[in-house]
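The primary structure of each chain is shown beneath.
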Amino acid sequence: MASADSQPRFGQSVKGLLSDKVGSCSGDVIALTRQVLKGSRSQELLGLAARNMVIQEDAILHSEDSLRKMSIITTHLQYQQEAIQKNVEHSKNLQDQLKHLLK
């Protein structure tokens, strides 16, 4: 009779263990799903960060180009200023010469 009593108990303990394992596996599946979703969101954020980085890099390159152009313009303006100053000095000399000639 002991073996007849132990069979239902053994079956019930196996069912209990199996139920515990199924519950544990269900918990693991839920945790895995959450991790995959979190990884997906992380991937999404990384993609967004990469796109923003490209936009910023483009803005920096555009700014560098603008600064280079402004530097060239500044150099040209300096040359023009020097030429104007020389012309002003030359015109003063000419005015002085005209004054001496007209005296």
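Residues numbered from 1 in each chain as written. Predicted model: local features only at pLDDT ≥ 70, side-chain atom pairs only at ≥ 80, totals over all residues. Heavy atoms only, no water.

As recorded in an unreviewed UniProt entry, the chain goes by BLOC-1-related complex subunit 7 and comes from Cyprinodon variegatus. In its Subcellular location (unreviewed entry) section, UniProt records this for the chain: "Lysosome membrane". UniProt annotates the chain under Sequence similarities (unreviewed entry) with the comment "Belongs to the BORCS7 family." (UniProt positions renumbered as here; feature names shortened; annotations may be inferred.)

### Quick notes on the overall build of the chain
Counting its regular elements, the chain contains one helix and zero strands. Taken over the C-alpha trace, the chain has a radius of gyration of 44 Å; the compact-globule value for 103 residues is 13 Å, which it surpasses by more than 25%. A principal-axis box enclosing the C-alpha atoms of the chain has dimensions of 150 × 10 × 10 Å. The buried share of the chain, reckoned over its 103 residues, is 0%. (Helix = DSSP H or I, 4+ residues; strand = E, 2+ residues; numbered from the N terminus. Rg over C-alpha atoms; globule rule 2.2 N^0.38 Å. Buried < 20%, exposed > 50% of the residue type's maximum accessible area, 1.4 Å probe, protein only.)

### Quick look at the pattern of salt bridges
The final tally for this structure, using the stated rule, is three salt bridges. As a salt-bridge pair, Asp 65 and Arg 68 come within 2.6 Å of each other at their nearest N and O atoms. With Asp 65 and Arg 68 both in helix α1 (residues 2-102) and three residues apart, this pair spans about one turn of that helix. For Asp 65, a relative accessible area of 27% translates into the label partly exposed. Measuring nitrogen to oxygen at the nearest pair gives 3.4 Å for the salt bridge that ties Lys 69 to Asp 65. Taken together, the positions of Lys 69 and Asp 65, both in helix α1 and four residues apart, correspond to about one turn of that helix. It is possible to trace a salt-bridge network through shared partners that takes in Asp 65, Arg 68 and Lys 69. (Salt bridge = Lys/Arg side-chain N within 4 Å of Asp/Glu carboxyl O.)

### Comments concerning a nonpolar patch on the surface
On the surface, Leu 98, Leu 101 and Leu 102 cluster together to form a nonpolar patch covering roughly 390 Å² of accessible area. For Leu 101, a relative accessible area of 69% gives the class exposed. (Patch = residues over 30% accessible without salt bridge, like charges linked within 9 Å, V, L, I, M, F, W, Y side chains within 5 Å. Areas by Shrake-Rupley, 256 points an atom, 1.4 Å probe, with all protein chains shown as cover.)

### Quick notes on the environment of Asp 96
Checked against the element boundaries, Asp 96 lands in helix α1. Accessibility expressed as a relative area gives 41% for Asp 96, which makes it partly exposed. Here the alpha-carbon distance between Asp 96 and Thr 33, two residues 63 residues apart in the chain, equals 93 Å.

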